[in-house]
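Here are the chains, one letter per residue:
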Amino acid sequence: MQTQEEISRLEMTIHDLLLEAKKQGASAADAGLSIDTGLSVNARLGDVETVEHHCSQGLGVTVYFGQQKGSASSTDLSAQSIKETVTAACTIARYASEDPYAGLPESEMLATEFKDLGLYHPWNISAKDAIELAISCEDSARQYHADISNSEGASVDTYQGIRIFGNSLGFLNGYASTRHSISCSVIGDRDGNMERDYWYSVARNADALESAEFIGKKAAQRTIQRLGGRSLSTRKSPIIYSAEIASGLLSSLLGAISGGSLYRKSSFLLDSLDTQIFPDFINIFEQPHLPGALGSACYDAEGISTKANKIVTDGILNTYLLSTYSARKLAMKSTGHAAGVHNLCINSGNQDLAQLLKTMDTGLLVTELMGQGVNPVTGDYSRGASGFWVEQGEIQYPVQEITIAGNLKDMYQQILAVGNDIDERGNIRTGSILIEEMAIAGE
Amino acid sequence: MDNSALKLAKQAILVPAGLQESNIYRVMDQLLDGAVDNGDIYFQSSHYESWVLEDGIIKEGSHNIEQGAGVRALCGEKTGFAYSDKIDLTELLAAVSNVQAIARQGQTARLALPTHNTYPQLYAPANPLKSLSDQEKVDFLRRIDTETRKLDPRIEQVIISLVGVQDHILIANQGDSLAGDVRPLVRMNVSVIVADKDRREQGSMGGGARADYTYFLEQDRAIGYAREAVRMALVNLDAVPAPAGSMTVVLGSGWPGILLHEAIGHGLEGDFNRKGTSAFSGRVGERVASPLCTVVDDGTLQGRRGSLPIDDEGTPTQCTTLIENGILKGYMQDRLNARLMGVQPTGNGRRESYAHTPMPRMTNTYMLAGESYPEEILQSVKNGLYAKNFGGGQVDITSGKFVFSASEAYLIENGKITRPVKGATLIGNGPDVLTRVSMVGNDLALDSGVGTCGKEGQSVPVGVGQPTLKIDALTVGGTNV
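*Asks:* Quick one: what's the story with the overall build of chain B, residue by residue and with numbers?
*Replies:* For chain B, the helix and strand inventory stands at 11 helices and 23 strands. Taken along its principal axes, the extent of the C-alpha atoms in chain B is 70 × 55 × 35 Å.

Pasting the structure below:
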């Protein structure tokens, strides 16, 4: 297979690069390389708007001179550039301070098994066919409802890439992966007030994508539902985060329990290990080897093998997320999280979104959030939101121009239920999340 | 010109690639030979370095080199685009044949482009990376760290970063001439964590410019950032929950100008208005702000983070009036959208790199000074919020809804600033918010040079600014209901 030959060739490049680092006096080094090619087309109002051909490459190296470290990167993979990149990293290392915690991982933690995780499924679609697919996607959105008045278009994207990573402890591995997506964004207009919404599907295998027609229709449906939105009066209320935005609540958790935030004491979950941070029905875990999943990987950014992890059990925090460096700073062991988590999941109950609305009875269903508004040190949370007001378990009207606020520590403790409407389009997979009470600011 | 910048850019890009100018004109001929309206090639060679001090030691440093060329063909509303990390003739010709597939049959609408030969020099074509030796850079960071830690015993953590970029760019957009620029950019940031009893808070302040590292040595800028970061963190240690609901909001001068960037700036970018997807579409000539408000986008300010003599399409930048005495005057344009809307480009065609296509983007966006004294503005408020510093913001240009998050704010009670409140997000509607501006301060200030704007996945450096402003009603997203 041609890709395998390419991987072997690029592994040699990393091999040579590590030798060059040694030659220039580094006591240890690691290096990574990536090559990505892709096609991206956008169609708008029934005609092609852009066709982009992507082809990018890059390599990065980190060298250690004892406990001093330096990094460099380049988009040029030539032998001459490799030499210069290593030299640049070595120059930096000379001026970096001795850091007792710096260095490569312990060898025994490095991955030795490289399962085929089913990440590589090239999609040999021509630009012409991709354009037709995008047009059909947008058509289905524009035909959905008379109030769909304009469009930002539909896009079809396909990427394939090769990643190689190696270090001077003898780790060297490369793999190929693909990622394809179809997306659509349309605008609705009622009484001169415009709203926009979108939908997308993403997968490693094009066969697993939702159909272009479905995506277009769903984008239009979401746009139409938002028309005629109003603000709310300021109040306290239960809130449901719909599945496609609920992952944000969990990514704040991941930030707070990552080694870097903990050793810097910039986390609202300092000293929370083995304490109850969620209600006891919550279990959060990681499945890094799910075949074909978007977050799957055999090893982390340092080559440490990934494994299935229980992060929260019965509401209790079991583990921090550590890289070699942050683990050493905290006098702990790396958990294989130098590149974050791989397929984070939360256990769901048996309620779908409609049932979750019934459980809430009266409150706010949030479907979009705006702005950053999260203080990682204190957990204070305040973000712009839009969604739907719900009474007696039924959606009453769209809501916009409000904020929702609370503190993440309280919000986690106040989770009442997690829906089974799991959104699998990302590295964090969750259903909709019902929270007992938050502050809503409006008119 | 800056002919020297063009000369330097040619030297940095063409010489290592073994290319002659005539090679590029040949490729351009080939590109424009297809049935396309116009096209361009953007060459870039970029050197970037960063240094990070943490825990009192120089912990990280990196040096990055990025170079390549992007080729674009434009035909009506259609764009074909391809790029390569290699700058050589074979790659360029391959890219040309890829992008020409977009060309239509038959008639083209090629426009003759004016040739620009002279631009004001907004910054020296110096290399910031070489403006201090590596030893001087790390000594400087250590000195600022030591001085920062002396500022208050409650400081637990100090992280200082220093980043420098030198960008060489060359733009070919017709068969016989090149535009070019050498763009320096430096940025420094100090962030601290302070702790007192059971409370812990962060504070962060930074600055930057199109200059070299000596910028931070002048006027005690670096230690100034440290003092600000520590002051903000300490203020927040005492902050009480922010109020929730609609109230009078006074925005401080300078960086709070992010209000303008989010609330109206993005909505006035040409692409959205050409497509009719902005809440401001078709509203030129209408009142969109109180008569006190005049807002400009100005790429020609000396040395500012958002400044450029020419944009990434080779068009000279300018000072574009967006809103004059409350009336919407015009949009920010790149070449594609200007052509399709039948107006002149305004020098706002910007791209993150050769691997991205240009779009209308802001440069330095600010509101001109008014006549009120800041104290007088505060005194006029019975109950409200004074928001002095902000984090980021976001806008939905179609509905016009925007947010921006206060990181330092106080209650105003009976015309006086009283207690600090916790950070809160403010939300409003772009086309309405400036109509509620009832007082404009005489204290126009631009931000310290930290802004980065994201649009469709592309980041570019920008500036914002404003005088102190009073907005009669804006929704404040606190927890205190």
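Moving on, there is more to tell.
*Asks:* Account for the layout of surface pockets, naming residues and giving values.
*Replies:* There is about 1,200 Å³ of room inside the second largest pocket. What lines the second largest pocket is a set of 47 residues, among which B:Ser204, B:Trp255, B:Phe390, B:Gly391 and B:Ser407 lie closest to the centre.

*Asks:* Kindly report on the environment of B:Met332, identifying the contributing residues and their values.
*Replies:* All names here are of chain B. Tracing the sequence through the fold places Met 332 in the loop between strand 10 (327-328) and helix 9 (335-341). What makes Met 332 buried here is its relative accessible area of 0%. Measuring from C-alpha to C-alpha, the distance between Met 332 and Gly 349 comes to 8.6 Å, with 17 residues separating the pair along the chain. With residues up to four places along the chain from it excluded, the contact list for Met 332 reads Gly 265, Leu 268, Glu 269, Gly 270, Asp 297, Leu 322, Thr 346, Asn 348, Pro 360 and Met 362.

*Asks:* Residue-level account of helix 8 (residues 353-360) of chain A, with values.
*Replies:* Residues and elements named next belong to chain A. Along helix 8, the residues that are buried comprise Leu 356, Leu 357 and Met 360. An end-on view of helix 8 places all buried positions within 105 degrees of arc, on one side of the element. Close packing links the buried residues of helix 8 with strand 7 (235-241), strand 12 (363-370), strand 13 (380-391), strand 14 (394-407), strand 15 (415-418) and strand 17 (433-441). For helix 8, the N-terminal cap is Asp 352; the gap from its side-chain oxygen to the backbone nitrogen of Ala 354 is 3.2 Å. One or two steps after helix 8, the chain reaches Asp 361, where phi turns positive at roughly 70 degrees.

*Asks:* Tell me about the interface of chain B and chain A, and please be specific about residues and values.
*Replies:* Opposite the 70 residues of chain B that make contact, chain A presents 71 residues. For the pair chain B and chain A, the two sides together bury roughly 5,600 Å², of which 51% comes from carbon and sulfur. Taken together, the connections running from chain B to chain A amount to 7 salt bridges. Close ionic contact of A:Lys69 with B:Glu60 constitutes a salt bridge, the shortest N to O distance being 3.6 Å. In this structure, the connection of chain B to chain A is made through 33 residue pairs in polar contact (both at pLDDT 80 or more). Tallying contributions element by element places strand 2 (residues 57-75) of chain B first for the side of chain B that touches chain A, with 11 residues. When its residues are assigned to classes, the side of chain B that touches chain A shows 22 nonpolar, 30 polar and 18 charged.

*Asks:* Which residues make up the domain arrangement of chain A, and what values do they have?
*Replies:* All names here are of chain A. Looking at the assigned domains, one finds that chain A contains domain 1 (3-226) and domain 2 (235-441). Distance from the C-alpha centre of domain 1 to the C-alpha centre of domain 2: 24 Å. Each partner contributes residues to the interface: domain 1 has 33 residues there, and domain 2 has 31 residues. Interface of domain 1 and domain 2: buried area, both sides summed, is about 2,700 Å²; carbon and sulfur atoms make up 54% of it. When residues of domain 1 are sorted by the area they lose upon contact with domain 2, Tyr 101, Met 109 and Leu 117 head the list and together hold 26% of the total. Between domain 1 and domain 2 we count 3 salt bridges in total. Linking Arg 222 and Glu 244 is a salt bridge whose minimum nitrogen-to-oxygen distance equals 2.9 Å. Of all the elements in the fold, those that place two or more residues in the side of domain 1 that touches domain 2 are strand 4 (148-167), strand 5 (172-190), strand 6 (193-203) and helix 4 (212-226). Of the residues forming the side of domain 1 that touches domain 2, the biggest block, 6 residues, is contributed by strand 6. Partitioned by chemical class, the residues of the side of domain 1 that touches domain 2 number 17 nonpolar, 7 polar and 9 charged.

*Asks:* Talk me through the pairing of strand 5 of chain A; I want residue IDs and the actual numbers.
*Replies:* Residue and element names in this part refer to chain A. Inspection of the sheet shows strand 4 paired to strand 5 by 17 bridges, in the antiparallel sense. Bridge pairing links Arg 163 to Tyr 175 in strand 5. Where strand 4 folds back onto strand 5 in an antiparallel hairpin, the turn is made up of 4 residues, including Gly 170, whose phi is positive at roughly 105 degrees. Across 11 bridges, strand 5 lies against strand 6 in antiparallel orientation.

*Asks:* Any chance you could break down empty space enclosed by the protein for me, citing the residues and the numbers?
*Replies:* Taken as a whole and assessed by the stated rule, the structure comprises 3 cavities of 30 Å³ or more. Estimates place the volume of the largest cavity at around 70 Å³. In this structure, the largest cavity is lined by A:Glu195, A:Arg226, A:Glu368, A:Met370, A:Ala385, A:Ser386, A:Gln400, A:Glu401, B:Asp396, B:Ser399, B:Lys401 and B:Ile427. When residues of the lining of the largest cavity are traced back to their parent elements, those giving at least two are strand 12, strand 13 and strand 14 of chain A. The class makeup of the residues in the lining of the largest cavity is 3 nonpolar, 3 polar and 6 charged.

*Asks:* If you had to explain the pattern of salt bridges to someone new, which residues and values would you point to?
*Replies:* This model, assessed by the stated rule, comprises 47 salt bridges over all chains. Its salt-bridge partner being B:Lys10, residue B:Glu21 comes within 3.1 Å of it at the nearest N-O pair. Of the two residues, B:Glu21 sits in helix 2 (residues 21-33) while B:Lys10 sits in helix 1 (residues 3-17), which places them 11 residues apart along the sequence. When its relative accessible area of 28% is taken as the criterion, B:Glu21 is described as partly exposed. With its nearest N and O atoms 3.2 Å apart, the salt bridge here joins B:Arg183 to B:Asp181. Each member of the pair, B:Arg183 as well as B:Asp181, carries the same accessibility label: buried. Via salt bridges that share partners, A:Glu195, A:Asp197, A:Arg222, A:Arg226, A:Glu244 and A:Glu368 belong to a single interconnected network.

*Asks:* Which residues make up the environment of A:Gly46, and what values do they have?
*Replies:* All names here are of chain A. Within the secondary structure, Gly 46 is located in the loop between strand 1 (28-44) and strand 2 (47-65). Since its relative accessible area comes to 32%, Gly 46 is described here as partly exposed. Sequence separation of Gly 46 and Ile 135 is 89 residues, and the distance between their C-alpha atoms is 5.6 Å.

*Asks:* Can you tell me about the packing of aromatic side chains, naming the residues and giving the values?
*Replies:* Residues and elements named next belong to chain A. Inspection of the entire model under this criterion finds 17 aromatic pairs over all chains. Taking 5.0 Å as the distance between ring centres and 75 degrees as the angle between the ring planes, the aromatic pair formed by Phe 171 and Tyr 299 counts as edge-to-face. Note that Phe 171 is positioned in the loop between strand 4 and strand 5 and Tyr 299 in the loop between strand 8 (284-286) and strand 9 (309-313), a separation of 128 residues in sequence. Taken as a pair, Phe 171 and Tyr 299 share a single burial class, namely buried. Taken together, the ring pairs in this structure connect Phe 114, Phe 165, Phe 171, Tyr 175 and Tyr 299 into an aromatic cluster. Directly above the ring of Tyr 200 sits Arg 425, whose terminal nitrogen or CZ lies 4.0 Å from the centroid.

*Asks:* Go over the pairing of strand 22 (residues 463-466) of chain B, please, and point to the residues and values.
*Replies:* Residue and element names in this part refer to chain B. The side-chain alternation of strand 22 yields two buried faces, one formed by Gly 463 and Gly 465 and the other by Val 464 and Gln 466. Bridge analysis of strand 13 (residues 364-367) against strand 22 gives 3 bridges, and the strand direction is parallel. Bridging from a neighbouring strand, Thr 365 pairs with Val 464 of strand 22. Strand direction decides the pairing type here: strand 19 (residues 445-446) and strand 22, joined by 2 bridges, are antiparallel. When the bridges of strand 22 are listed, Leu 446 appears paired with Gly 465.

*Asks:* Go over helix 3 (residues 89-99) of chain B with me, naming the residues and quoting the values.
*Replies:* All names here are of chain B. For helix 3, the complete set of buried residues consists of Leu 92, Ala 95, Val 96 and Val 99. Here the buried residues of helix 3 occupy an arc of 105 degrees about the axis, which is enough to place them on one side. Along helix 3, the residues that are exposed and aim more than 90 degrees away from the buried face are Thr 90 and Ser 97. Where helix 3 is buried, its residues contact helix 2, strand 1 (38-54), strand 2 and strand 3 (78-84). Put simply, Asp 88 is the residue that caps the front of helix 3, since its side-chain oxygen is 3.1 Å from the backbone nitrogen of Thr 90.

About the thresholds
- Residues numbered from 1 in each chain as written.
- Chains lettered and ligands numbered in written order.
- Predicted model: local features only at pLDDT ≥ 70, side-chain atom pairs only at ≥ 80, totals over all residues.
- Heavy atoms only, no water.
- Helix = DSSP H or I, 4+ residues; strand = E, 2+ residues; numbered from the N terminus.
- 1 Å grid on protein atoms, 1.4 Å probe; cavity = no way out; pocket = protein on both sides within 12 Å on 5 of 7 lines; lining within 4 Å.
- Points joined across faces, edges and corners; volume = space filled by probe spheres on them.
- Buried < 20%, exposed > 50% of the residue type's maximum accessible area, 1.4 Å probe, protein only.
- Contact = heavy atoms within 4.5 Å.
- Arc of directions from axis to C-beta.
- Polar contact = N/O pair within 3.5 Å; in protein donor to acceptor, adjacent residues only side chain to side chain.
- Buried area = accessible area lost by both parts, 1.4 Å probe.
- Salt bridge = Lys/Arg side-chain N within 4 Å of Asp/Glu carboxyl O.
- Nonpolar A, V, L, I, M, F, W, Y, C, P; charged D, E, K, R; others polar.
- Domains from an automatic or database assignment.
- Pairing = 2+ DSSP bridges.
- Phe/Tyr/Trp six-rings, centres within 6.5 Å; stacked < 30°, edge-to-face > 60°.
- Lys NZ or Arg CZ within 6 Å of the ring centre and 35° of its normal.

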